[in-house]
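Breakdown of the fold
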Amino acid sequence: MKKKLSRKEFHFLTETLEENVDRGLLKETQKKDILTYYEPSQGLDFIRVLVTIGSILIGLGILLIIVSNWSAIPALGQLSILFFFLALSMSISFILKASRPITSQAFLYLATLIFGASLFLINLGFNFNIQTNTLFFVWALGALVLSSLQKDLLLFLAAHVLALLFVFNSFDEFIFVQLFALIVIFFGGNYYFNYRKVVTFAT
């Protein structure tokens, strides 16, 4: 797997290698061999933002339709609908990962949204009476798993937000074990994402 660098870092590396080639310290083939181990990370562009917002709106629309008819849907039907849309979103995301990475990311975000909503809907529909903080904790773990599978920075940052919501809903609960686990995972993710500034700040 290629190591992702920021565009600034990748540009600096390319220029440095070019200078070494001009000085005769490196051969052109050696420069190309070195660059094969690195690639510039995708910046935040308009199309990516537009597709992401679109996927979120589609997800919210689907969820609103489901929620508005939730009580009229049989229990088995409720589970089937949630698992179907979750599996569909994740499948499309993995299928399009190589050919259409931006669309793949959008469906990954949609899958994360459906996963979180499913936790709350199942808890509500089946009267499990699971605490809200626990649902946010599981949602954060799900986001972390998906972000690690796809190495998606935005989703990893979203997991931080979900972790904060978990903490904010846990002031009267003992959450040391869960919180310690999240901290360890976040610091591991900081290393996994090559100590990007935004990740370090979020952690």
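See the structure printed just above.
Structure report, in brief. Small disclaimer: the values here were computed from a predicted structure and weren't measured. (Residues numbered from 1 in each chain as written. Predicted model: local features only at pLDDT ≥ 70, side-chain atom pairs only at ≥ 80, totals over all residues. Heavy atoms only, no water.)

Quick look at the pattern of salt bridges now. Tallying each qualifying case throughout the model produces two salt bridges. When the shortest N-O distance is used, the salt bridge between Glu18 and Lys31 registers 2.7 Å. Pair noted here: Glu18 is in helix α1 (residues 7-22) and Lys31 is in helix α2 (residues 28-35), with a separation of 13 residues, a long-range link. For Glu28, the salt bridge goes to Lys31, with nearest N and O atoms at 3.0 Å. Residue Glu28 and its partner Lys31 are located together in helix α2, separated by three residues, close to a single helical turn. Where salt bridges share partners, they join Glu18, Glu28 and Lys31 into one cluster. (Salt bridge = Lys/Arg side-chain N within 4 Å of Asp/Glu carboxyl O. Helix = DSSP H or I, 4+ residues; strand = E, 2+ residues; numbered from the N terminus.)

As for its position among the elements, Ser89 is in helix α4 (residues 75-95). Exposure remark for Ser89: the relative accessible area of 4% places this residue in the buried category. One polar contact links the side chain of Ser89 to the main-chain carbonyl oxygen of Phe85, over a distance of 2.9 Å. For Ser89, the contacting residues outside a window of four places in its chain are Phe107, Leu110, Ala111 and Ile114. (Buried < 20%, exposed > 50% of the residue type's maximum accessible area, 1.4 Å probe, protein only. Polar contact = N/O pair within 3.5 Å; in protein donor to acceptor, adjacent residues only side chain to side chain. Contact = heavy atoms within 4.5 Å.)

To continue, consider α4. In a regular helix each residue adds 1.5 Å, so 21 residues correspond to 30 Å; α4 covers 30 Å between its end C-alpha atoms and thus fits that length. Among the residues of α4, those classed as buried are Gln78, Leu82, Leu86, Ser89 and Ser93. Looking down the long axis of α4, one finds its buried residues gathered within 65° of arc, a one-sided arrangement. Projecting away from the buried face of α4 at angles above 90 degrees are the exposed residues Leu76, Phe83 and Ile95. As for α4, its buried residues are in contact with α5 (101-125) and α6 (132-150). (Expected span 1.5 Å × (residues − 1). Arc of directions from axis to C-beta.)

Turning our eyes to something else, we now look at α6. Between its first and last C-alpha atoms α6 spans 27 Å; for 19 residues at 1.5 Å apiece the expected length is 27 Å, and the two agree. Residues Asn133, Leu135, Phe136, Phe137, Trp139, Ala140, Gly142, Ala143, Leu144, Leu146, Ser147 and Gln150 constitute the buried set of α6. After α6 finishes, the residue Lys151 shows a positive phi value of roughly 50°.

A word on the environment of Pro101. Its place among the elements puts Pro101 in helix α5. The partly exposed category is assigned to Pro101, whose relative accessible area is 33%. In sequence terms Pro101 and Gly116 are 15 residues apart; their C-alpha atoms lie 23 Å from each other.

So, about the packing of aromatic side chains. Summed over the entire model, instances satisfying the criterion amount to 11 aromatic pairs. When the centroid spacing of 5.8 Å and the interplanar angle of 15° are considered together, the rings of Phe126 and Phe128 count as stacked. Classification of Phe126 by relative accessible area gives partly exposed; the value is 27%. Joined through ring pairs, the aromatic side chains of Phe156, Phe186, Tyr192 and Phe193 make up one cluster. The ring centre of Tyr192 lies 5.0 Å from the NZ or CZ of Lys151, which sits over that ring. (Phe/Tyr/Trp six-rings, centres within 6.5 Å; stacked < 30°, edge-to-face > 60°. Lys NZ or Arg CZ within 6 Å of the ring centre and 35° of its normal.)

Attention now goes to unusual backbone geometry. Non-glycine residue Asn129 carries a positive phi angle of around 55°. In this structure, Asn129 sits in the loop between α5 and α6. According to the relative accessible area criterion, Asn129 is exposed, its value standing at 65%.

Below, the discussion takes up a nonpolar patch on the surface. Residues Val49, Ile53, Ile56, Leu57 and Leu60 make up a contiguous nonpolar surface patch of about 400 Å² in total accessible area. Turning to its location among the elements, Ile53 is positioned in helix α3 (residues 46-68). On the basis of relative accessible area, Ile53 is assigned to the partly exposed category, the value being 43%. (Patch = residues over 30% accessible without salt bridge, like charges linked within 9 Å, V, L, I, M, F, W, Y side chains within 5 Å. Areas by Shrake-Rupley, 256 points an atom, 1.4 Å probe, with all protein chains shown as cover.)

So, on to the packing of α4 against α5. Interhelical geometry of α4 versus α5 gives an angle of 160° and a closest axis separation of 8 Å. As far as their axial angle goes, α5 and α4 are roughly antiparallel. The interaxial crossing formed by α4 with α5 has left-handed handedness. Where α4 approaches α5, its residues Leu79, Leu82, Phe85, Leu86, Ser89, Met90, Ile92, Ser93 and Phe94 are matched on the opposing element by Ser104, Phe107, Leu108, Leu110, Ala111, Ile114, Phe115, Ser118, Leu121 and Ile122. Here the contact of α4 with α5 is built from residues that sort into 15 nonpolar, four polar and no charged. (Axes fitted to C-alpha atoms, helices over the stretch in contact; angles between N-to-C directions. Parallel < 35°, antiparallel > 145°, perpendicular 65-115°, else oblique. Left-handed = near helix turned anticlockwise from the far one by under 90°. Nonpolar A, V, L, I, M, F, W, Y, C, P; charged D, E, K, R; others polar.)

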